[in-house]
Amino acid sequence: MKNPYLPIPMILKKAQIETSDRLLRTLELGFKNKEDEESFRFIPGQFCELSILGKGEAPLGIASSPTEKGFLKFTVNKAGVVTTALHHIEEGSEIGIRGPLGNGYPINLFEGKNLLVIGGGFAFTTLRSLVAYFLHPEHRAKVKEITVIYGARMPGLLLYKDELLEWERRNDLKLVTTVDWEDKDWKGKVGLVPNVLEEIAPSSENTSAVICGPPIMIKFTFPKLMALRFPNERIFTSLERRMKCGIGKCGRCNIGHLYVCKDGPVFSYAQLSKLPKDY
Amino acid sequence: MKLKLDKKNFEDFLKSLMEEYDLYAPVQPVEGVSVFKKIEQPSEVNLTQLVPQKPAKDIFFPQSEVMFCYEMAGKQSRMNSMEEIKRERILFGARPCDIEAISIIEKIFVGEEYTDVYFLEKRRKTTIIGLGCNHPLSTCFCSSAGGDPFLRAGSDLFFIDLGETYFVELLTEKGAALRKNRFFKEVDPNDLTLVKELEGKAFEKVGYSIPVEGIEKRLDLMTESSFWDRVHEKCIGCAVCTYLCPTCHCFDMVDEALNNKGQRVRNWDSCLFPIYSLETSGHNPRPTGRERTRQRLMHKFNYFPKNFGRVACVGCGRCILYCPVQFDIREALLYASAKRAKGLKRKFR
């Protein structure tokens, strides 16, 4: 029987500091064993437990898209013991992963509709996976208009800047970036994500909204979406909680009868509104 | 199949079990705590305490357990998983509540998608000999929680103390493997009458006074009730109730390493500790005793039933017996469930 607690070995192929505060590092991991690579099937929104032997594990959303083959990408915020180790680990080293874990975004529900993606700060990882997935030629026709609103405190704190430039040039995606504090080169908007959303006022007709960001951003974005008449069933968010096992056994990440690790991390607002506010 | 065992042969019987199995049973208190433990000598077995402080879950889901060992050589590593149990085991003398609790933990640990191999391996390789409770304690409420003092479910063999002898029932294939044991004898018709009598007395004592039925629905309406503002107040967050609870199954995973060798270990954890849900950012989704006590009670009586159709409480009473501030889960249930708890209403509101 497969032991779900044993990590599979990955090799750190490439690492890169993402932001001007140097607290976010993107890791590109390659599979050490061919058979692990073949059996690893995931959808955007799922996550992995990254394991550093001697330090422990940390849950991180997969930032690469299933359409990008041969590697997995994670962007790590340097915060605790494991994530600090993930900042210091050198290219060529072994990192364990367990996954893919969680439910991921409801890709099928998005099909045939417009997609509104709202991200804040470093919570943009799985949203990047989602957008990259639908921008792939094989999947682009599955959704109609894609609108991305992405905000950070400062321009230097936006993730995946090269890719954002690329998206800006595309004509099949509307990208709106915003910062709280601009610098002299900034060409995007200035203002908080909920306010920018209100200003752009995307139509809720036949549109699904996906929000991921700091709790405070989510809290103020929900009412704006309501005002735009998005139904609760078509608003999705991805939650984070302290986790250990990632497979619904160890107990700590439940919200009501649902576990963030196993039944989430993606929930609709309709689901969340029925649960205790334990998040 | 029904048999009996003379008590004068009890120690020899245990010895005969030990020839083929690792035997686990309640023993004299270790450092002041009564536990289930691997038996070296039959004389160690001590059945005087009805519910040993530490529940039998410890035998299937130890308080601290090495999941795997690892060794690092340069940038490579080698891992060695530790789930294998080499010798078949017998758990002797667990009470119906503890045995019921093991099947409750099994519901969550053995899933369709992911199975906890450490638990399952121990479960598969353990034969359970249950022991009926002739004299339930005043804190016992198993009948209210869906069990009873003589519940056979989950046991492979079941023992009932008849004074001079043990009445023995073989219940499963695993249990039947022991039918040829040389110390088992044929049962008397009189013994069967005696069993009925004992059962009747015990049922009467333990009663059905605690309203567990229907509690799930009631709690659905109480998520934001002012009840939670008061009920947690005397709790000091020591978490003894969750550690000694036979159904609590939360754990933490930590790495212990020195130089290039180490192990990943899991330890029991508790939702009553603030650090349990504290995130690295400093955010804590359950910041006060109110949310943590709500989590403990709601998980047992609302969330778990929603997922598995049964409350995650077996009425063993340990959380009542060993709480340092006399928090009584029965009082909380009485208040939460029925109008008749008038006095309690005053107490908690």
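These figures come from a predicted structure and were not determined experimentally.

Looking now at the confidence of the model for chain B. Model confidence for chain B is summarised by a mean pLDDT of 92, while 97% of its residues fall at 70 or above. With pTM at 0.93, the complex prediction returns an ipTM value of 0.91.

Another point: the environment of Val131 of chain A. Residue and element names in this part refer to chain A. Its place among the elements puts Val131 in helix α4 (residues 125-135). Residue class for Val131 comes out buried when judged on the 25 C-beta atoms lying within 10 Å of it. When the C-alpha atoms of Val131 and Lys161 are compared, they prove to be 14 Å apart, with 30 residues separating the residues in sequence. Ignoring any residue separated from it by four or fewer positions in sequence, one finds Val131 in contact with Val117, Ile146 and Val148.

Right, let's talk about the sheet that holds strand β5 (residues 76-81) of chain B for a bit. Backbone-to-backbone hydrogen bonds pair the strands of a sheet. The strands run either parallel or antiparallel. Residue and element names in this part refer to chain B. Strand order in this open sheet of four strands is β5-β4-β12-β11, and the pairing throughout is antiparallel. Each end of this open sheet is capped by a strand with a single partner; those strands are β5 and β11 (251-258). Each strand axis lies, on average, 25 degrees off the axis of its neighbour in the sheet, ignoring direction. Strand direction decides the pairing type here: strand β4 (residues 64-73) and β5, joined by six bridges, are antiparallel. Within β5, the residue paired with Ala73 across the bridge is Gln76.

All names here are of chain B. Under the domain assignment used here, chain B contains domain 1 (2-206) and domain 2 (215-348). Summarising the inter-unit geometry, the C-alpha centres of domain 1 and domain 2 are found 26 Å apart. The interface of domain 1 with domain 2 comprises 36 residues on the first partner and 27 residues on the second. Those elements that place two or more of their residues in the side of domain 1 that touches domain 2 are β4 and α3 (96-109). Broken down by element, the side of domain 1 that touches domain 2 gets its largest block of residues, 10 residues, from β4.

So, about the nonpolar core. Membership of the largest hydrophobic core comes to 170 residues, with the highest contact counts inside it found for Val117, Ile118 and Val210 of chain A together with Tyr24 and Leu91 of chain B. The element contributing the most residues to this core is α3 of chain B, with eight residues. Discounting chain neighbours no more than four positions away, the residues touching Tyr24 of chain B are Phe36, Lys37, Lys38, Ile39, Ile59, Arg89, Ile90, Leu91 and Phe92 of chain B.

This part takes up the domain arrangement of chain A. Residue and element names in this part refer to chain A. As assigned here, chain A comprises domain 1 (8-101) and domain 2 (107-238). Computed over C-alpha atoms only, the centres of domain 1 and domain 2 are separated by 24 Å. Contacts between the two partners involve 18 residues from domain 1, matched on the other side by 15 residues from domain 2.

Take unusual backbone geometry next. Residues and elements named next belong to chain A. A cis geometry characterises the amide bond from Gly99 onward to Pro100, with omega recorded as 0 degrees. Mapped onto the fold, Pro100 is located in strand β6 (residues 94-101). Between Gly264 and the following residue, Pro265, the backbone shows a cis peptide bond with an omega angle of 10 degrees. Looking at the element boundaries, Pro265 is found in the loop between β14 (258-259) and β15 (266-268). For Tyr160, which is not glycine, the phi torsion reads 55 degrees and is therefore positive. Residues other than glycine seldom take positive phi values, yet Ala201 does so here, at roughly 45 degrees.

What counts and what doesn't
Residues numbered from 1 in each chain as written. Chains lettered and ligands numbered in written order. Predicted model: local features only at pLDDT ≥ 70, side-chain atom pairs only at ≥ 80, totals over all residues. pLDDT = per-residue confidence, 0-100. Helix = DSSP H or I, 4+ residues; strand = E, 2+ residues; numbered from the N terminus. Buried ≥ 20, exposed ≤ 12 C-beta atoms within 10 Å, placed from the backbone. Contact = placed C-beta atoms within 7 Å. Pairing = 2+ DSSP bridges. Axes fitted to C-alpha atoms, helices over the stretch in contact; angles between N-to-C directions. Domains from an automatic or database assignment. Core = buried A, V, L, I, M, F, W, Y, C linked by C-beta atoms within 7 Å.

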